[in-house]
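# Structural overview for review
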Amino acid sequence: MELLRFATAGSVDDGKSTLIGRLLYDSKQIFEDQWDAVERVSRDRGEGYTNLALLTDGLRAEREQGITIDVAYRYFATPKRKFIIADTPGHVQYTRNMVTGASMADLALILVDARMGIQEQSRRHAILTTLLRVPHIVLCVNKMDLVDYSEDVFESIKEEFAEFAAKLETGDLSFVPISALNGDNVVTRSVNMPWYEGASLLHLLEDVYIASDRNLIDARFPVQYVIRPMSDDYHDYRGYAGTVAGGVFKKGDPVVVLPSGFTSHITSIDTADGPVDEAFPPMSVTIRLDDDIDVSRGSMICRPRNQPQVGQDIDAMICWMSELRSLKAGDRFTIKHTTQVARTVVKDLTYRLDVNTLHRHEGVPELKLNEMGRVTLRTTVPLFFDEYRRNRLTGSFILIDEATNTTVGAGMILGAP
Amino acid sequence: MHYTLTHLRALEAEAIHIFREVAAEFEKPVLLFSGGKDSIVMLQVARKAFHPAKIPFPLMHIDTGHNFEEVIEYRDRRVEQLGCRLVVASVQESIDKGRVVEDPRPGASRNQLQTTTLLDAIEENGFDAVFGGARRDEEKARAKERVYSFRDDFGQWDPKNQRPELWSLYNGRHRPGEHIRVFPLSNWTELDIWQYIAEENIPLPPIYFAHRRPVYLSRGMLMAVHKVAPAPENTEVFEALVRYRTVGDASCTAAIESTADTVEKVIAEVAATRITERGATRADDRVSEAAMEDRKKLGYF
Ligand SMILES: Nc1nc2c(ncn2[C@@H]2O[C@H](COP(=O)(O)OP(=O)(O)OP(=O)(O)O)[C@@H](O)[C@H]2O)c(=O)[nH]1
Ligand SMILES: [Mg+2]
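From a predicted model like this one, the values you see are computed outputs, not experimental measurements.

## Considerations on the overall build of chain A
Across its full length, chain A carries seven helices and 21 strands. For a compact globule of 417 residues, the expected C-alpha radius of gyration is about 22 Å, and chain A comes in at 23 Å, within 12% of that figure. Seen through its C-alpha atoms, chain A measures out along the principal axes to roughly 70 × 55 × 40 Å. For chain A, the proportion of its 417 residues judged to be buried stands at 61%. Put simply, of all contacts in chain A between residues at least 6 apart along the chain, 69% involve residues at least 24 apart. If the 46 positive side-chain charges of chain A are averaged to one point and the 59 negative ones to another, these points end up 4 Å apart.

## Digging into the packing of aromatic side chains
With the rule as written, the count across this model stands at 22 aromatic pairs over all chains. With a centroid separation of 4.2 Å and 25 degrees between ring planes, the pair formed by A:Tyr25 and A:Trp35 is classed as stacked. Linking A:Tyr25 in helix 1 (residues 16-26) with A:Trp35 in helix 2 (residues 32-44), this pair joins segments that are ten residues apart in sequence. Considering the side-chain rings of B:Phe19 and B:Phe131, the 4.6 Å spacing of their centres and the 45 degrees angle between planes classify their relative orientation as tilted. Here B:Phe19, found in helix 1 (residues 7-25), pairs with B:Phe131, found in strand 4 (residues 129-131); they are 112 residues apart in sequence, far enough to count as distant. Accessibility expressed as a relative area gives 0% for B:Phe131, which makes it buried. Among the aromatic residues, those joined into a ring-pair cluster are A:Tyr225, B:Phe19, B:Phe50, B:Phe57 and B:Phe131. Its guanidinium or amino end placed over the ring of A:Phe164, A:Arg123 lies 5.8 Å from that ring's centre, counting from NZ or CZ.

## Section: the sheet that holds strand 4 of chain B
All names here are of chain B. In spatial order, the strands read 3-2-1-4-6-5; together these six strands make up an open sheet with mixed pairing. The outermost strands of the open sheet, each flanked by one partner alone, are strand 3 (86-90) and strand 5 (148-151). Taken over all neighbouring pairs, the strand axes of this sheet differ in orientation by 30 degrees on average, direction set aside. Strand direction decides the pairing type here: strand 5 and strand 6 (residues 179-182), joined by four bridges, are antiparallel. Within the sheet, the bridge partner assigned to Ser149 lies in strand 6 and is Arg181. Against the sheet, helix 2 (residues 37-50) contacts strand 1 (29-32), strand 2 (59-63) and strand 4, and its axis sits at roughly 140 degrees relative to strand 1.

## Here we look at the site of ligand 1
Residue and element names in this part refer to chain A. The local shell around ligand 1 holds 22 residues, among which Lys16, Ser17, Thr18, Thr68 and Asp145 are the closest. At 3.1 Å, a backbone N or O of Asp13 approaches an oxygen atom of ligand 1. Contacts to ligand 1 include Lys143, whose side-chain N or O atom sits 3.0 Å from an oxygen atom. Coverage of ligand 1 by the protein chains reaches 89% of its 650 Å² of free accessible surface. Considering each element in turn, the shell around ligand 1 owes the most residues, three residues, to helix 1. When its residues are assigned to classes, the shell around ligand 1 shows eight nonpolar, nine polar and five charged.

## Considerations on unusual backbone geometry
Note that the residue after A:Leu258, namely A:Pro259, is joined by a cis bond; omega there is 10 degrees. The omega angle of the peptide bond from B:His51 to B:Pro52 is 0 degrees, so this bond is cis rather than trans. Phi angles above zero are rare outside glycine, and A:Met230 is one such case at about 50 degrees. Secondary-structure assignment places A:Met230 in the loop between strand 7 (220-227) and strand 8 (239-243). In this structure, A:Asn405 is a non-glycine residue whose phi angle is positive, near 65 degrees. Topologically, A:Asn405 is positioned in the loop between strand 20 (396-400) and strand 21 (407-415).

## A short note on the sheet that holds strand 7 (residues 211-218) of chain B
All names here are of chain B. Across the sheet, four strands lie side by side as 8-7-9-10; this open sheet has antiparallel pairing. If you trace the sheet from one side to the other, it starts and ends with strand 8 (221-224) and strand 10 (256-257), each paired once. Where strand 7 and strand 8 come together, four bridges link them in antiparallel fashion. Across the sheet, Tyr216 pairs through a bridge with Met223, a residue of strand 8.

## A look at helix 1 of chain B
Here helix 1 of chain B is 19 residues long and its end C-alpha atoms lie 27 Å apart, about the 27 Å a rise of 1.5 Å per residue gives. Across the 19 residues that make up helix 1 of chain B, a large majority, 17, are buried.

## With respect to the domain arrangement of chain A
Residues and elements named next belong to chain A. Domain boundaries in chain A define domain 1 (2-207), domain 2 (220-302) and domain 3 (309-415). Measuring from the centre of the C-alpha atoms in domain 1 to the corresponding centre in domain 3 gives 29 Å. Contact residues are listed per partner, giving 23 residues for domain 1 and 17 residues for domain 3. Together domain 1 and domain 3 conceal approximately 1700 Å² of surface at their shared face, both sides included; 60% is due to carbon and sulfur atoms. Interface area lost by domain 1 to domain 3 is led by Arg96, Leu131 and Arg133, which between them contribute 34%. Summed over the shared surface of domain 1 and domain 3, the result is two salt bridges. Here Glu323 and Arg96 are joined by a salt bridge, their closest N and O atoms 2.9 Å apart. Where domain 1 touches domain 3, the interface holds eight residue pairs in polar contact (both at pLDDT 80 or more). For the side of domain 1 that touches domain 3, the element with the highest residue contribution is helix 5 (residues 120-131), accounting for six residues. Classifying every residue of the side of domain 1 that touches domain 3 by side-chain character gives 13 nonpolar, three polar and seven charged.

## A word on the coordination of the magnesium ion (ligand 2)
All names here are of chain A. Every protein donor of the magnesium ion (ligand 2) is accounted for by Ser17 (OG) and Thr68 (OG1), and the metal-donor separations fall at 2.0 Å. Here Ser17, found in helix 1, pairs with Thr68, found in the loop between helix 3 (60-65) and strand 2 (72-77); they are 51 residues apart in sequence, far enough to count as distant. Residue class for Ser17 comes out buried when judged on its relative accessible area of 6%. Overall, Thr68 belongs to the buried group, its relative accessible area being 9%.

## Describing the domain arrangement of chain B
Residues and elements named next belong to chain B. Segmentation of chain B into domains returns domain 1 (7-192 + 290-297) and domain 2 (205-285). A separation of 24 Å is found between the C-alpha centroids of domain 1 and domain 2. Taken together, the contacts link 28 residues of domain 1 with 25 residues of domain 2. Summing both sides of the interface, domain 1 and domain 2 together bury roughly 2200 Å²; the carbon and sulfur share of this comes to 55%. Contact with domain 2 buries surface across domain 1, with His66, Phe68 and Glu190 losing the most and accounting together for 30% of the total. Applying the counting rule to domain 1 against domain 2 returns two salt bridges. For Glu190, the salt bridge is made with Arg245, and the minimal N-O distance between the two is 2.8 Å. On inspection of domain 1 and its partner domain 2, the count reaches five residue pairs in polar contact (both at pLDDT 80 or more). Looking at the side of domain 1 that touches domain 2, the elements with two or more residues in it are helix 2, helix 3 (69-82), helix 6 (190-200) and helix 9 (291-297). Per-element accounting of the side of domain 1 that touches domain 2 gives the leading share, four residues, to helix 3.

Definitions and cut-offs
- Residues numbered from 1 in each chain as written.
- Chains lettered and ligands numbered in written order.
- Predicted model: local features only at pLDDT ≥ 70, side-chain atom pairs only at ≥ 80, totals over all residues.
- Heavy atoms only, no water.
- Helix = DSSP H or I, 4+ residues; strand = E, 2+ residues; numbered from the N terminus.
- Rg over C-alpha atoms; globule rule 2.2 N^0.38 Å.
- Buried < 20%, exposed > 50% of the residue type's maximum accessible area, 1.4 Å probe, protein only.
- Contact = heavy atoms within 4.5 Å.
- Lys, Arg positive; Asp, Glu negative; His and termini not counted.
- Charge placed at Lys NZ, Arg CZ, Asp CG, Glu CD.
- Phe/Tyr/Trp six-rings, centres within 6.5 Å; stacked < 30°, edge-to-face > 60°.
- Lys NZ or Arg CZ within 6 Å of the ring centre and 35° of its normal.
- Pairing = 2+ DSSP bridges.
- Axes fitted to C-alpha atoms, helices over the stretch in contact; angles between N-to-C directions.
- Near = heavy atom within 4 Å.
- Polar contact = N/O pair within 3.5 Å; in protein donor to acceptor, adjacent residues only side chain to side chain.
- Areas by Shrake-Rupley, 256 points an atom, 1.4 Å probe, with all protein chains shown as cover.
- Nonpolar A, V, L, I, M, F, W, Y, C, P; charged D, E, K, R; others polar.
- Expected span 1.5 Å × (residues − 1).
- Domains from an automatic or database assignment.
- Buried area = accessible area lost by both parts, 1.4 Å probe.
- Salt bridge = Lys/Arg side-chain N within 4 Å of Asp/Glu carboxyl O.
- Donors = N, O, S within 2.8 Å, 3.2 Å for Na, K, Ca; no water.

Pasting the structure below:
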């Protein structure tokens, strides 16, 4: 069975957690003891109906405040697919947790409250999902029950969002009118909205085509770990372990190893279950080469005729995630990119992106918590990278604050300056 | 060519990636191995991650002394087969040293006490990365935890202030005295675990399969008669066909009635079950709404 990862997004209280609760409940994925607990809590609080958001809002503070603070990961399966859900917070203060949940998603569900229309936070999340290159976006116009299931309301929100999205580089975009609370168009088509002719949300999730979202062209293998058993049975064994980040590697392929630039051939692609003929993303394998050349953690194995960019200067979009410090030109950080760790200095903060207007504010002094902008970085060692738009794994990095060790920035590479 | 992996192989690849990342970046990792099914699967994936070399870190068992004998036998056999080093950290020793005080009532669980033993062992051995087999589908607080879960120098988890964790770029930076709990099976469900056990043909301790044993009812759950969990007076002891869904401390892990005596039958049973594994079998989680979150904050698994 195929795995689909999706994340929720949207402004606070638009009904993300309720929708996930509904999806799990209606597809019969909620266990009786979980349901009993949620019913009990709802009743104790005197709520008029069972609060489905409690199925995912698992932290004490979340239940007390009735909001989501951090991502909850939930799992469910239908006969067609297996799903990993990241239910993310809408509150602007916790945007970094939304980014955490969306970074690996194949699809994002952006919710909008039908009564409120597109909010600043809906736009911010739409921009973030686009920057993160989540390949499929479904805009769910929620709480349709509160607007009399009005087609006009749905159409006008749809139009407004489509207009905004046209300025972004969104991938595949679809629209569904729903009521997460009542279940309209969530698992089955709603009788309350006969004017809607599309599929229910669950059908959409089951059918969206994701196999072509991966990059199977540019072969990239960042070396994670060198395996040297030093045992009698495997005396001279030397294998390069890692996860394929792009393309397809085959036994016998000519390869080049960066940074040395030496070339060799793949003699074997090993797994604990025996050698395989080919390796593709996201397989974790061990590659052996027929020459004894210098390869270690941080090296990149690729094809001689298709190499990533190599350099110490990169342009990138940054999503800033720290409330303790801002990002300014001249700041230094630790950077983690594929399996390389280096230091970096911010050469230039080119602009800050306004999440409402998409205006690029040049000459700003800093990026603050939850702001996005474009920077030029210089790193202490060359990185082997692709544009993020071509490869999410070789095009992404994180910035780590050297005093506190926390992750303060998420970067998506645009290219060399 | 289609170039897709099944969901089990995708989950396995993700876990292998995490093992290698930790082995490459940390000084002294350790893998918590209890002999329970999740840690058995975790160990299997660890072996695969470094094949044909041996697993480059030791295993550790937090031994409550309240074990099922079958599980300890299994543990020792598996450790010997793999040629790993096993560190046993004993709750009894923590009690003897006065680090913790045991609840004197008969049948009391040592579950809470394990946290101190675990944190002491991490500190004494200087472990900086601790692999745990916890899954996010087990419990609502676990559903919130990162793959790399940062612990301060008191071993505490701060659920409201977790590090962002993007793509497969894990941040394991920490200061001396702090450590990272690492959960390679975060995204696996109970059903995934069983399907993987079937696909990989992994042997398990026999108590995971239906067998007859003397039990008694305690708060609606079937408890095995065991030296650490004797039946309270005036409680009827009867023989039942049972198996275990989770394996923990014998004093607080309940059995379920089951006729599933093969992996295939267990899978069918798990796929049809309507109760979570912890809800069905763990007395320790029933204490309060946020029992797991509270224990995790203090440094629990
Ligand atoms: N009438 C109606 N109410 C809804 C619907 N969906 C959600 N709600 C209510 O909206 C409120 C907020 O729902 P949540 O699911 O917690 O919202 P959220 O988007 O997860 O909020 P954050 O995670 O904090 O950003 C709750 O009171 C829900 O019951 C809907 O379709 N119709
Ligand atoms: Mg929510």
